[in-house]
Amino acid sequence: MMKSAGHILFASLTPLPSVTLKNHGRLSSNLVHGNITKSRKLHHYHQKCQFHKDSIMVATRYPPPWFSVAPMMEYTDNHYRTLARLISRHAWLYTEMIAAETIVFQKGNLDRFLAFGPEQHPIVLQIGGSDLENIAKATQLANSYGYDEINFNCGCPSPKVAGKGCFGVRLMLDPKFVANAMSVIAANTDVPVSVKCRIGVDNQDSYNELCDFIYKVSSLSPTKHFIIHSRKALLNGISPKENRSIPPLKYEYYYALVRDFPDLRFTINGGINTIDEVNAARSEGAHGVMVGRAAYNNPWNLLGHVDSAIYGAPLSSLTRRQVIEKYQVYGDSVLGLYGPKPNVREVIKPLLGFFHSEPGNGLWKRKADAAFLHSTTVKSFFEETLVAIPDSVLDSPITEASIGFPDVFADSKSRLPSPYTAVREEELLYA
Ligand SMILES: Cc1cc2nc3c(=O)[nH]c(=O)nc-3n(C[C@H](O)[C@H](O)[C@H](O)COP(=O)(O)O)c2cc1C
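Fair warning: this is a prediction, and the values are worked out from it, not measured in the lab. (Residues numbered from 1 in each chain as written. Predicted model: local features only at pLDDT ≥ 70, side-chain atom pairs only at ≥ 80, totals over all residues.)

### With respect to the overall build of the protein
Our working rule: Here a strand is any run of E in DSSP of at least two residues, a helix any run of H or I of at least four, and the numbering for each starts at the N terminus. Working definition of burial: number of other C-beta atoms within 10 Å of the residue's own, with buried at 20 or more, exposed at 12 or fewer, and partly exposed in between, all C-beta atoms being placed from the backbone.
Along its length, the protein carries 22 helices and 8 strands. Counting only residues that meet the buried cut, the protein has 44% of its 431 residues in that class.

### A look at the site of the ligand
This is how the line gets drawn: Near, as applied to residues and a molecule or strand, means the residue's backbone-placed C-beta atom lies within 6 Å of it. Here the term charged refers only to Asp, Glu, Lys and Arg, the term nonpolar to Ala, Val, Leu, Ile, Met, Phe, Trp, Tyr, Cys and Pro, and the term polar to all other amino acids, Gly among them.
Close to the ligand lie 22 residues, the nearest being Ala70, Met72, Met97, Gly292 and Arg293. Where the shell around the ligand is concerned, the elements lending two or more residues are β2 (92–99) and α13 (293–297). When grouped by side-chain class, the residues that make up the shell around the ligand number 10 nonpolar, 8 polar and 4 charged.

### What to know about the environment of Ser144
Residue position: Ser144 is located in the loop between α7 (132–143) and β4 (149–154). We classify Ser144 as partly exposed; it has 15 C-beta atoms within 10 Å. Between the C-alpha atoms of Ser144 and Ala115, which are 29 residues apart in sequence, the distance is 9.7 Å.

### Digging into helix α19 (residues 378–385)
Owing to its 3.6 residues per turn, the α-helix brings residues three or four apart onto one side. Note the following rule: Our arc is simply the arc of the directions from the helix axis toward the C-beta atoms. We call two residues in contact when their backbone-placed C-beta atoms lie within 7 Å.
Listing the buried residues of α19 in full gives Val378, Phe381, Phe382 and Thr385. Buried residues of α19 fall within an arc of 95° about the axis and therefore sit on the same side. On its buried side, α19 packs onto α16 (320–334), α17 (344–348) and α18 (361–372).

### Remarks on the pairing of β2
Inclusion rule: Should DSSP find at least two bridges between two strands, the strands are taken to pair. When the strands point away from the viewer and the path from the first strand over the helix to the second turns clockwise, the crossover is right-handed.
Burial of β2 is extensive: 7 of the 8 residues sit out of reach of the surface. Strand direction decides the pairing type here: strand β1 (residues 67–69) and β2, joined by 2 bridges, are parallel. Opposite Val69, over in β2, you have Leu93 as the bridge partner. Taking the sense of rotation as the criterion, the β-α-β connection linking β1, helix α4 (residues 78–87) and β2 turns out right-handed.

### Let's talk about the environment of Asp391
One can find Asp391 in helix α20 (residues 391–394). On the basis of neighbour count, Asp391 is assigned to the exposed category, with 10 C-beta atoms found within 10 Å. Sequence spacing of Asp391 and Arg320 is 71 residues, and the spatial spacing of their C-alpha atoms is 9.9 Å.

### Observations regarding the sheet that holds strand β6 (residues 225–229)
Cut-off, in case you're wondering: Fitted lines through C-alpha atoms give the axes, limited to the stretch in contact for helices. The angle between two N-to-C directions lies from 0 to 180 degrees.
Pairing is parallel around the closed barrel formed by 8 strands, whose spatial order is β1-β2-β3-β4-β5-β6-β7-β8. Averaged over all adjacent pairs, the angle separating strand axes in this sheet is 25°, with direction ignored. Relative to β6, strand β5 (residues 193–197) is paired through 4 bridges, and the arrangement is parallel. The residue bridging Cys197 from the neighbouring strand is Ile228, located in β6. Packing against the sheet, helix α12 (residues 275–283) makes contact with β1, β7 (265–269) and β8 (288–291), and its axis sits at approximately 150° to β8.

### Remarks on the environment of Ala280
As for its placement among the helices and strands, Ala280 is situated in helix α12. Taking the C-alpha atoms as reference points, Ala280 and Gly404, separated by 124 residues in sequence, lie 8.6 Å from one another. In this view, Ala280 contacts Phe405, Pro406, Val408 and Phe409; residues no more than four positions away in its chain are not counted.

### Some details on unusual backbone geometry
With an omega dihedral of -10°, the bond running from His121 to Pro122 counts as a cis peptide bond. In this structure, Pro342 follows Lys341 across a cis peptide bond, with omega equal to -10°. With respect to the secondary-structure elements, Pro342 resides in the loop between α16 and α17. Notably, Glu74 is not glycine yet its phi reads approximately 70°, a positive angle. Within the element layout of this structure, Glu74 appears in the loop between β1 and α4. Phi angles above zero are rare outside glycine, and Ser357 is one such case at about 65°. Within the secondary structure layout, Ser357 lies in the loop between α17 and α18. The exposure class assigned to Ser357 is exposed, which follows from the 9 C-beta atoms found within 10 Å.

### Re the nonpolar core
Soluble, globular proteins show a tendency: their nonpolar side chains are buried together. Selection rule: Think of a nonpolar core as buried Ala, Val, Leu, Ile, Met, Phe, Trp, Tyr and Cys residues chained together by C-beta atoms that fall within 7 Å. For the domains described, the bounds stem from an automatic or database domain assignment.
Counting 108 residues, the largest nonpolar core has Met182, Ile185, Ile214, Ile228, Val289 and Val291 as the members making the most contacts within it. Taken together, domain 1 (15–316 + 410–430) and domain 2 (320–394) each give at least three residues to this core, which thus spans both. The contact partners of Val291, leaving out residues within four places of it in the chain, are Val69, Ala70, Ile272, Val278 and Leu302.

### Details of the confidence of the model for the protein
If pLDDT is low for a region, its predicted coordinates should not be looked at in detail. Selection rule: In predicted models, pLDDT denotes the confidence assigned by the predictor to each residue on a 0 to 100 scale.
Predicted confidence across the protein gives a mean pLDDT of 86, with 82% of residues reaching 70 or more. Note that pLDDT drops below 50 for residues 1–31; the model gives that stretch 44 contacts with residues more than four away or on any other chain. Contacts of residues 33–53 to residues separated by more than four positions or lying in other chains number 29 contacts, the stretch itself having pLDDT below 50.

### Some details on the packing of helix α10 (residues 207–220) against helix α11 (residues 251–260)
To keep it simple, the criterion reads: Orientation labels follow simple angle bins: below 35 degrees gives roughly parallel, above 145 gives roughly antiparallel, 65 to 115 gives roughly perpendicular, and whatever is left gives oblique. Throughout, a crossing is termed right-handed when the near helix is turned clockwise from the far one, and left-handed when it is turned anticlockwise from it by less than a right angle.
For the pair α10 and α11, interaxial distance at closest approach is 11 Å and the crossing angle is 50°. Judged by the inter-axis angle, α10 sits oblique to α11. Crossing of α10 against α11: the hand is right-handed. Listed contacts from α11 to Tyr207, Leu210, Cys211 and Ile214 of α10 are Tyr253, Ala256, Leu257 and Asp260. Across the contact of α10 with α11, the residue classes tally to 7 nonpolar, no polar and 1 charged.

See below:
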C-alpha cells in the first residue's frame, strides 16, 4: 500500500513539461559537426560583453547561484538532492556527471538517469563527453526534463574518463573542442550553459594558460559561466581522490579570473568547508561558491545555513525530525523503483552525515549498520535507529550561523598573478 502510494508520488517527481528545442536545422547540424564559421566566431567575440551576471547567465526565476552543491558521482543522486532540498530552498543543486553516451544509449530508460522531483529546482545537469554528436543528442534528450542549466565537465581526472580519448579534465588541453562542445550544447537547449574545470593540467598550469582556455571557450561559444575547481589535476600517478587534495589550492587564480574577465561569471570551488568560508569568499568578490564534500558530509550544518546566511531568508524553524519525516515518505516511495534498486541502504546513504558531531551519532551509525541487514522500509529503519539520537538533537532548529568571516581568501587576493593579456583576435580566429 505504502509502496503504490509512493510510486504515485514518484510519478509526480518525473519529467516536467518539455521545453522547445531550438536550432534543429542547419545551424544545429553545423554545430554538431563542429563547423562553426568565422563570422559566427566573430559574432561571439563581439557579443561577449553584453549582459548582467545575475540576470542573463542564470535562469532568472530562481535566486542567483551564490551557493551551489557540487556534482559528485555516486553521491549527488536523487536521494541526496531530495535531502539537500529539504534543508535548503535556495542552494543550486548539481547532478552527478552523466556521460553523453549513457544518455544516448539508455534512451529507453532515461528516467532512471535524468528524472528528478520538481522541488529540486534550481538544478543543473552535468554531462561529460568527447563526441559532439552524442553531446548534441544527449542535450536534446535531456531537454524535456527541464533542467535549469547544462554544465559540461572539464575537470574530472579519473582515468576512467580522462584516459578515454579526450574527456573530463583532459579537455582543458583542447579549448577549441570545448568551445565547439559548448556551442553544440547551447544550440540544442534553451537554458544557460556552463563549464566546470580545474586551474590547469600537469605542467600546463600557468595563470596565462588558464586564461587562454577561458578566453577561447568564452569567445568561441556562448559560455559565460565557469566553475573553477581551484587546483590543477595531475593525470599520471595519483588517484582521483588524491587529485582532490594533493595539488594545492590556488584561489589567487580564481580571483585573478574575476579581475581579468569582468564580463564572465565565475564560481569558486575546492576546499571550502563552512558557511563562514562561503561568506568570506563572496565578500572578497566571488560571484558564487560551490561546495562539495562538506555539503555531503555535514548537510545539516552546511546547507541549513545557506538560505539565511547566504540568501538573507529568515532563519528556518525546521528541525531534523521534520526533515526525516519528509525524507521517509520520499524514501519509501522510491524503494525498489528499478527492480532491487534502490534499497534501504542506498536511500539512507545521504543521511549518514546528518548527525555529524552530535550526541548519539556513533551509536546511530552502529544501529544503522545492523538495520541495513534486515530493514525493508525506510520507516522501519528510522523506527529502529532513531532511538539513538536524543530528542534535543532531533527537535532543535538550525542555530544562527556565527558572524565573522575567516581570512582565508584575503591572502590569496594579496598575491594575484599579473593581469592576462588576451590573445589577439586574429590569433583566436585562425588558431
Ligand atoms: C566522490 C566525488 C565525486 C565527484 N564527482 C564529480 C563529478 O561527477 N563531476 C565533477 O565535475 N566533479 C566531481 N567531483 C569534484 C567535486 O565536484 C568538487 O569539484 C571537488 O570535490 C572539490 O570541492 P570540495 O572541496 O568542496 O569537495 C567529485 C568529488 C567527489 C569527492
